[in-house]
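# Analysis of the macromolecular model
The chain contents come next:
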Amino acid sequence: MSKIRYVIIILFLNFSTYVQAQNQKVPLFEVLEHLESKYPYRFNYLFNTIEGVLVSYPSESSSFEESIAYLEKQTQFHFSILNNFVSITDKDASLLCGYLKDSETKNPIANVTIQTENTSVISDENGYFELHTKQNNKTILFSHLGYQPIKKTFRFFKQDSCTTLFMNIKLVELQQIFLSNYLVRGINKFKNGSYQINISEFGILPGLIEPDILQTVQALPGIQSVDETVSNINIRGGSNDENLLLWDGIKMYQSSHFFGMVSIFNPKMVDNVTLIKNGTSADFSDGVSGTIDMQTNNNVNSIFKASVGINFLNLDAFADLPTSKNSSLQISARKGLSNFYKTPTYKSFFKRIRQNSELDNNMGSVNNSDIEFDFYDTNLRWLWQIDDKNQIKLNFLTLENELKFVENAMMNNVNESRESSLEQSNLGVGLWYKRFWNDTFESTLQVYETDYKLKGINANIGQNQLALQVNKVSETGIKLNTTYKINNKFSLLNGYQFIETQVTNFDNVDNPEFSLFIAEVLRTHDVYSQIKFTSKNKKNSITSGLRVNYIPKFNEYIFEPRLSFNTSINKYFNIEILGEFKHQITSQVINLQNDFLGLEKRRWQLSNNINIPIIKSKQISLGLQYNRDGWLIHGEGYYKKVLGITSQSQGFQNQYLLARTNGSYKVYGFDFLLRKQFESVNTWLSYTYMDGYYTFETLQNTEFHNNYDISNTVTFGTSYNYKNFKLSGGFNWHSGKPSTKPVSGNEISNNIINYEPANSSRLHDYFRFDLSSTYQMKFNNTSQAEIGVSILNVFDKINTINQHYYINDTNELQMLSQYSLGFTPNVSFKVSF
């Protein structure tokens, strides 16, 4: 009985202590911090509003809503819950509500700070806000990074309904869309000649169940890949190394997973993509053929969002996490599935990339086994909106492709095995700071570092040889941009950019012993200025700029004028004139066809201004658009000339395979698009004509067709959207790429292949029909699932995409052909919450 008494006494004392703790008065902000650590909510308040207010802790067993009700009873405050935020106001204050929208697009604006003398709240993703305020407050301030602040009095708001307010964008930095839904929903054309892909609004294209960035851009006229990869995108007859790839301003030297089959850029981490074929803004360098500029979202997220997905190639996960009232973190990751299961999509892709590589070309008794391939990427973006004038963004990206296999052979009656491997990686880090000094002046400062590495180990059992090859690029960049709004018609862009690029190449062979190490560095200092004029009626716009580049190592100045002009003839017709001069100091070359196991043969190199010149280009184009009642007709003719290319960078596999010389190419072309937009259906037909020629003065054929000269290309597609269902189908046809055949009847002369004139023949025409479909299932306002199905090459058409010849050990001519993807299905499933 005494033991029971002691237990009761102890329980009573503990309960008394607990009650005293619960009834003890503490500052209100301490209780709020405790609730923030316990629940996924943040409190909005001005400190002087709650300073000196004492309350007792709510019961630990209380729910969040019960805790809020408990605090309201103890104080004179009203607690208003809006998504994950709770605003604290006086109980005698009146309730105001409203919606904030962009004055031009009419889209809702999230994360607007609404502030009075005593309280502040933030608008949600629908632009909605609720504010408790007293009538005697003089003004209510609405502020947002990127929009001009507005002030309203209490009397402006309706007492019986919510008010809609429109905010104007700060400055004129955002381009005006004048052709929306260019192909499908989410692809728009700007007045400066560039194209934008809005990922969040993106519809669907044939063969794509998610907006793969580098596959999507190939749907636009004048852009394609002669070998249907994303690592070899050809813009108006240019090679892939002539394209500038930027991810939030960080230059990327690697563009693909799976050695060309999948883009490295996770669409969940990209808000919009800008594609520029001509008329480039003066603040961009490099990319003599084109620029693909990817930007992450610039809005702080106040609500936790996440998604998890899987398809026949990879797993992926994404999260958008509020880290404070003014900051949020986005993070994503993707990893290949091949280590777990080899799907039909994987098998089709792998069959495509292994052709004519060391994976296929082992001779005699040598065979390959234990083939392992994997890829992954991780992205991070942290955004901190310090206040309505200052914003900081931190970016991080890392990715890798890795292939391993074992060569096996019987050598001198002994089984021997050696492992070969190929690793490709890119790491990028960037820090970005933007400040709005006032309504007419803003500045942006960015610092970035990007590091690329390609490493190949080829263990050749037949030749008892081990070869190591390494190609590295390390680049650091600093860029300062300022934009000044002179008035409603004129704005001025000025800036400075410094880039230091180091390229390292290392080759080592053990039998016979050979080693070569080359490391080179180039630094450039660039200044630029650009003025933009927009007429009062918005019908005419012209942007003219000049970029001056200085390369100290060569003591050379390069002047690059840029031009973009657009005028409306009437309500339906527009004329566009674009022009530019550009240069670049990096390029990719192929020394030998079996470099890096023959899978990724290209290595980066720097210009030395001797045998590897600075690549320089000039381009001009004239376009006409007609847009009326859902019909869009767009035609654009262009001329482009590029100087300073090397024969190694063009990938010759004919009589110029080992040539080492410099030259140029020129392209005349015409891009045409016809599109009809119905309520739920988009249909388009595009046609591209191109005539491109090389000039190499020291070669036997001084002028001949460009390797990327696809004379005629026709693309047809249609997409259908109904509620949560999307369906798209279409075909791509183009004439065969240039090819060089041996002379018929005299194929071999003096143990050398006797070729016809370079690129005087063509491969057979290419044709592929693709399908894709997605369906969304919504569980509630915040959770949904999406399933997608796609088929590439529905009719399993065999297309020859490359062809070359060699002489075998018995002095016979052999032909090697490379074929396109066959029938390739893919299925995806994603859950978002």
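Here the structure is a predicted model, which means the values were calculated and not measured.

### Quick word on the confidence of the model for the protein chain
- Scored by pLDDT, the protein chain has a mean of 89; 94% of the residues are at 70 or more.
- A low-confidence stretch, residues 1-22 stays under pLDDT 50, and its non-local contacts, those more than four residues away or across chains, total seven contacts.

### Looking at a nonpolar patch on the surface
- A cluster of nonpolar side chains, contributed by Ile310, Leu315, Phe340, Tyr341, Tyr775, Met777, Phe779, Ile787 and Phe829, occupies part of the molecular surface with about 910 Å² of accessible area.
- Mapped onto the secondary structure, Phe829 falls in strand E54 (residues 824-832).

### Description of helix H2 (residues 28-38)
- Looking only at H2, the buried set comprises Leu28, Val31, Leu32 and Leu35. Summarising the axial view, the buried residues of H2 lie within an arc of 100°, below the 170-degree limit, and thus occupy one face.

### Observations concerning the packing of aromatic side chains
- Tallied over the entire structure, the rule returns 34 aromatic pairs.
- Taking the centre distance of 5.1 Å and the plane angle of 50° together, the rings of Tyr99 and Tyr128 count as tilted. On the criterion of sequence distance, the pair formed by Tyr99 in strand E6 (residues 94-102) and Tyr128 in strand E9 (residues 128-133) is long-range, its members being 29 residues apart.
- An aromatic cluster is defined as three or more aromatic residues linked by ring pairs; in this entry it consists of Phe258, Phe259, Tyr346, Phe349, Phe350, Phe373 and Phe375.
- Directly above the ring of Trp437 sits Arg435, whose terminal nitrogen or CZ lies 4.4 Å from the centroid.

### Focus: empty space enclosed by the protein
- Within the structure shown, the criterion is met by 14 cavities of 30 Å³ or more.
- Counted as a void, the largest cavity has a volume near 970 Å³.
- Contributing to the lining of the largest cavity are 50 residues, with Pro206, Leu208, Gln215, Arg768 and Asp770 lying nearest its centre.
- Those elements giving two or more residues to the lining of the largest cavity turn out to be strand E16 (223-224), helix H6 (344-353), strand E42 (681-695), strand E44 (712-722), strand E45 (725-734), strand E50 (766-778), strand E51 (784-792) and E54.
- Looking at the lining of the largest cavity residue by residue, the classes come out as 22 nonpolar, 21 polar and seven charged.
- In this structure, the second largest cavity spans a volume of roughly 220 Å³.
- Residue lining of the second largest cavity: 22 residues in total, with Asn240, Tyr253, Gln254, Gln588 and Trp604 positioned closest to the centre.
- Within the residue set of the lining of the second largest cavity, elements represented by two or more residues are strand E18 (243-247) and strand E37 (586-589).
- Per-element accounting of the lining of the second largest cavity gives the leading share, three residues, to E18.
- Classifying every residue of the lining of the second largest cavity gives six nonpolar, eleven polar and five charged.

### Considerations on H6
- When you tally the buried positions in H6, you get seven out of ten residues, the bulk of the element.
- Of all the positions in H6, only Thr345, Tyr346, Ser348, Phe349, Phe350, Arg352 and Ile353 are classed as buried.

### Quick word on the state of the cysteines
- Considering all chains together, one arrives at one disulfide under this definition.
- One disulfide in the model links Cys97 with Cys162; its S-S distance is 1.9 Å. Judged by the sign of its S-S torsion, about -100°, the bond between Cys97 and Cys162 is left-handed. Taken together, the residues Cys97 in strand E6 and Cys162 in the loop between strand E11 (147-152) and strand E12 (163-167) connect sequence positions 65 residues apart.
- Its relative accessible area of 14% is what places Cys97 among the buried residues.
- A residue is classified by how much of its surface remains accessible, and Cys162, at 29% relative accessible area, is partly exposed.

### What about the pairing of strand E52 (residues 800-807)?
- The buried fraction of E52 amounts to six of the eight residues, a majority that puts the element mostly inside the structure.
- In this structure, E52 lies alongside strand E53 (residues 813-819), joined through seven bridges in antiparallel fashion. Bridge pairing links Ile807 to Leu813 in E53.
- Two successive antiparallel strands, E52 and E53, enclose a turn made up of five residues, where Asn811 displays a positive phi of approximately 60°.

### Describing the packing of H2 against helix H4 (residues 64-74)
- Following both chains from N to C, one finds H2 and H4 inclined at 175°, their axes separated by 12 Å at the closest point. Between H2 and H4, the interaxial angle falls into the category roughly antiparallel. Each of Leu28, Val31, Leu32 and Leu35 in H2 lies in contact with H4, whose residues at this interface are Phe64, Ser67 and Leu71.
- Looking at the contact of H2 with H4 residue by residue, the class counts come to six nonpolar, one polar and no charged.

### Points about the environment of Ala219
- Note on placement: Ala219 falls in the loop between helix H5 (213-216) and E16.
- Of the residues examined, Ala219 reaches a relative accessible area of 16% and is grouped as buried.
- Sequence separation of Ala219 and Gly717 is 498 residues, and the distance between their C-alpha atoms is 9.4 Å.
- Setting aside its immediate chain neighbours within four residues, Ala219 contacts Leu183 and Leu205.

### Some details on unusual backbone geometry
- The linkage connecting Asn511 with the following residue, Pro512, adopts the cis geometry, with an omega of -5°.
- Unusually for a residue other than glycine, Asn751 sits at a positive phi of about 65°.
- Notably, Asn811 is not glycine yet its phi reads approximately 60°, a positive angle.
- Mapped onto the secondary structure, Asn811 falls in the loop between E52 and E53.
- The class for Asn811 is partly exposed, based on a relative accessible area of 39%.

### Focus on the pairing of strand E34 (residues 540-551)
- By the bridge criterion, ten bridges tie strand E33 (residues 513-534) to E34 in an arrangement that is antiparallel. By the bridge assignment for E34, Phe533 is matched with Ile542.
- Note that E34 and strand E35 (residues 556-568) share twelve bridges and pair antiparallel. Residue pairing in the sheet places Ile551 in a bridge with Glu556 of E35.
- Linking E34 to E35, which pair antiparallel, is a turn of four residues; within it Asn555 sits at a positive phi near 50°.

### Structural notes on the nonpolar core
- Tyr182, Met252 and Phe265 are the most contacted members of the largest nonpolar core, which totals 38 residues.
- Broken down by secondary-structure element, the contributors of at least two residues to this core are strand E15 (195-198), H5, E18, strand E22 (272-276), strand E23 (290-295) and strand E28 (390-411).
- Filtering out sequence-adjacent residues up to four positions away, Phe265 remains in contact with Ile213, Leu214, Leu245, Trp247, Met252, Gln254, Ser255, Met294 and Arg334.
- In terms of nonpolar packing, the next biggest core, distinct from the first, is built from 33 residues, Val262, Ile353, Phe405 and Phe554 among them.

### Topic: the environment of Arg381
- Here Arg381 shows up in strand E27 (residues 367-385).
- On the basis of relative accessibility, which here comes to 0%, the residue Arg381 falls in the buried class.
- Considering only alpha carbons, one finds Arg381 and Phe725, 344 residues apart in sequence, at a separation of 31 Å.
- Other than its neighbours up to four places away in sequence, Arg381 contacts Met269, Thr296, Asn297, Asn299, Asp320, Ser328, Leu329, Gln330, Lys393, Leu394 and Asn395.
- Among the polar contacts made by the side chain of Arg381, one reaches the main-chain carbonyl oxygen of Asn297 at a distance of 2.7 Å.

Here is what the cut-offs are and how they apply
- Residues numbered from 1 in each chain as written.
- Predicted model: local features only at pLDDT ≥ 70, side-chain atom pairs only at ≥ 80, totals over all residues.
- Heavy atoms only, no water.
- pLDDT = per-residue confidence, 0-100.
- Contact = heavy atoms within 4.5 Å.
- Patch = residues over 30% accessible without salt bridge, like charges linked within 9 Å, V, L, I, M, F, W, Y side chains within 5 Å.
- Areas by Shrake-Rupley, 256 points an atom, 1.4 Å probe, with all protein chains shown as cover.
- Salt bridge = Lys/Arg side-chain N within 4 Å of Asp/Glu carboxyl O.
- Helix = DSSP H or I, 4+ residues; strand = E, 2+ residues; numbered from the N terminus.
- Buried < 20%, exposed > 50% of the residue type's maximum accessible area, 1.4 Å probe, protein only.
- Arc of directions from axis to C-beta.
- Phe/Tyr/Trp six-rings, centres within 6.5 Å; stacked < 30°, edge-to-face > 60°.
- Lys NZ or Arg CZ within 6 Å of the ring centre and 35° of its normal.
- 1 Å grid on protein atoms, 1.4 Å probe; cavity = no way out; pocket = protein on both sides within 12 Å on 5 of 7 lines; lining within 4 Å.
- Points joined across faces, edges and corners; volume = space filled by probe spheres on them.
- Nonpolar A, V, L, I, M, F, W, Y, C, P; charged D, E, K, R; others polar.
- Disulfide = S-S within 2.5 Å.
- Pairing = 2+ DSSP bridges.
- Axes fitted to C-alpha atoms, helices over the stretch in contact; angles between N-to-C directions.
- Parallel < 35°, antiparallel > 145°, perpendicular 65-115°, else oblique.
- Core = buried A, V, L, I, M, F, W, Y, C linked by side-chain atoms within 4.5 Å.
- Polar contact = N/O pair within 3.5 Å; in protein donor to acceptor, adjacent residues only side chain to side chain.

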